Amino acid sequence: MSLHTLYALCGGKKKFYSFINSHLKELTTSKTITKFVDPFMGGVGSFYSSYSVIKENDMKVILNDLNPAIACLNNHVKSKSENKNILKNISFFIQKLFQKTNMFEATYKDTNLFIKRLEKIFNYRVNKEGKNRSTLTSSILLFLLNNNFGGNYKTKEDGSTTFSVPKDLNKFDRYFNFVGKVELYNFLYNSVNLRIENKDYKEILKKNSKKEDTHTTFDPPYFNECHLTISEFEKQRVELNKQ
């Protein structure tokens, strides 16, 4: 896994990084942009790919996600104290996995059992903590997202979350990228004027996207997940623009 990805998430923008960056850079040549807003931050691809332009133009950044787990995880990474605890927790997980298997490279069976155990602990803690997730819970989520299949996870009706485990053992090389990624994003988040929110996207848009000097990147959940056809989504977009 490349260092630029803090965690794997379905629908990443890796292939569009250069396009997103070039588009924002082109906009800044014709108008003044002072604020960058992403109401669906997800895997933070839009922010990462736009970082150089954001930094150069001293933009204020608002990142938002309705999923409290994603918002809390990124806020913990941003925190100058909590990000150190995340690194300690991740190191502990890795040590426990290798101690349990008594080998440097864990097998698929060993890793699958370990990840399913962490998944169970994660769901227990989420149910107990509610929206205000602890650093330990965020650490477990970060570990699971970096070691599942393509960033795919599913939240069931009862609120529990399941993570798919890849059978390609090469994917487990991600273990040793954690330190670099957590430190990188801690730096990126703190090198600009950035705030991470956990609100409904409409609230974020109404509050932050009304002015001409604001650039809003819009990548909502996929149609099959929110049960909308393209025409239905287009109607909602038109109605939203009227507000």
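Heads up: the structure comes first, above all this text.
Just so it is clear, the model here is predicted, and its values are computed rather than measured.

(A) Expanded view of the sheet that holds strand 6 (residues 214-216). Strand order across the open sheet formed by four strands is 5-2-1-6, with parallel pairing between neighbours. Edge positions in the sheet fall to strand 5 (193-197) and strand 6, since each of these pairs with one other strand and no more. Between one strand axis and the next, the sheet turns through 15° on average, direction left out of account. Pairing geometry for strand 1 (residues 35-38) and strand 6, over three bridges, is parallel. Its bridge partner being in strand 6, Val37 is matched across the sheet by Thr216.

(B) Geometry of the pattern of salt bridges. For the structure shown, the criterion picks out seven salt bridges. Of the charged contacts, one joins Arg125 and Glu129 as a salt bridge, the two residues approaching to 3.0 Å between their closest N and O atoms. Here Glu129 and Arg125 lie together in helix 5 (residues 108-129), a separation of four residues that amounts to about one turn. Given a relative accessible area of 22%, Arg125 falls into the partly exposed group. With a shortest N-O distance of 3.8 Å, Glu197 and Lys199 are connected by a salt bridge. On the basis of relative accessibility, which here comes to 13%, the residue Glu197 falls in the buried class. If you follow the salt bridges from partner to partner, you end up with Arg195, Glu197, Lys199 and Glu203 in one network.

(C) Summary view of the packing of aromatic side chains. For the coordinates displayed, the defined rule picks out 11 aromatic pairs. With 5.1 Å between their ring centres and 35° between their planes, Phe40 and Tyr201 make a pair best called tilted. Taken together, the positions of Phe40 in the loop between strand 1 and helix 2 (45-56) and Tyr201 in helix 8 (residues 201-208) put the pair 161 residues apart, joining distant regions of the chain. Summarising the burial analysis for this pair, Phe40 and Tyr201 share the class buried. Taking the centre distance of 5.9 Å and the plane angle of 80° together, the rings of Phe122 and Phe163 count as edge-to-face. A residue pair is termed long-range when its members are at least 10 positions apart, and Phe122 in helix 5 and Phe163 in strand 4 (residues 161-163) qualify at 41 residues. As far as the burial class goes, Phe122 and Phe163 line up, both buried. Chaining the aromatic ring pairs together yields one cluster made of Phe47, Tyr48, Tyr51, Tyr185 and Tyr189.

(D) The arrangement of the packing of helix 3 (residues 68-78) against helix 7 (residues 178-190) in detail. The geometry of helix 3 relative to helix 7 is characterised by a closest axis approach of 8 Å and an angle of 85° between their N-to-C directions. Taken together, the axes of helix 3 and helix 7 lie roughly perpendicular to each other. Contacts between helix 3 and helix 7 pair Asn74, Val77 and Lys78 from the former with Val182, Tyr185, Asn186, Tyr189 and Asn190 from the latter. The class makeup of the residues in the contact of helix 3 with helix 7 is four nonpolar, three polar and one charged.

(E) Spotlight on helix 5. In this model helix 5 runs 31 Å from its N-terminal to its C-terminal C-alpha over 22 residues, within 8% of the 32 Å that 1.5 Å per residue would give. Among the residues making up helix 5, those that are buried are Thr111, Phe114, Ile115, Leu118, Glu119, Phe122, Asn123 and Val126. Just downstream of helix 5, Gly130 is the residue with a positive phi angle, here 75°.

Conventions we followed
- Residues numbered from 1 in each chain as written.
- Predicted model: local features only at pLDDT ≥ 70, side-chain atom pairs only at ≥ 80, totals over all residues.
- Heavy atoms only, no water.
- Pairing = 2+ DSSP bridges.
- Helix = DSSP H or I, 4+ residues; strand = E, 2+ residues; numbered from the N terminus.
- Axes fitted to C-alpha atoms, helices over the stretch in contact; angles between N-to-C directions.
- Salt bridge = Lys/Arg side-chain N within 4 Å of Asp/Glu carboxyl O.
- Buried < 20%, exposed > 50% of the residue type's maximum accessible area, 1.4 Å probe, protein only.
- Phe/Tyr/Trp six-rings, centres within 6.5 Å; stacked < 30°, edge-to-face > 60°.
- Parallel < 35°, antiparallel > 145°, perpendicular 65-115°, else oblique.
- Contact = heavy atoms within 4.5 Å.
- Nonpolar A, V, L, I, M, F, W, Y, C, P; charged D, E, K, R; others polar.
- Expected span 1.5 Å × (residues − 1).

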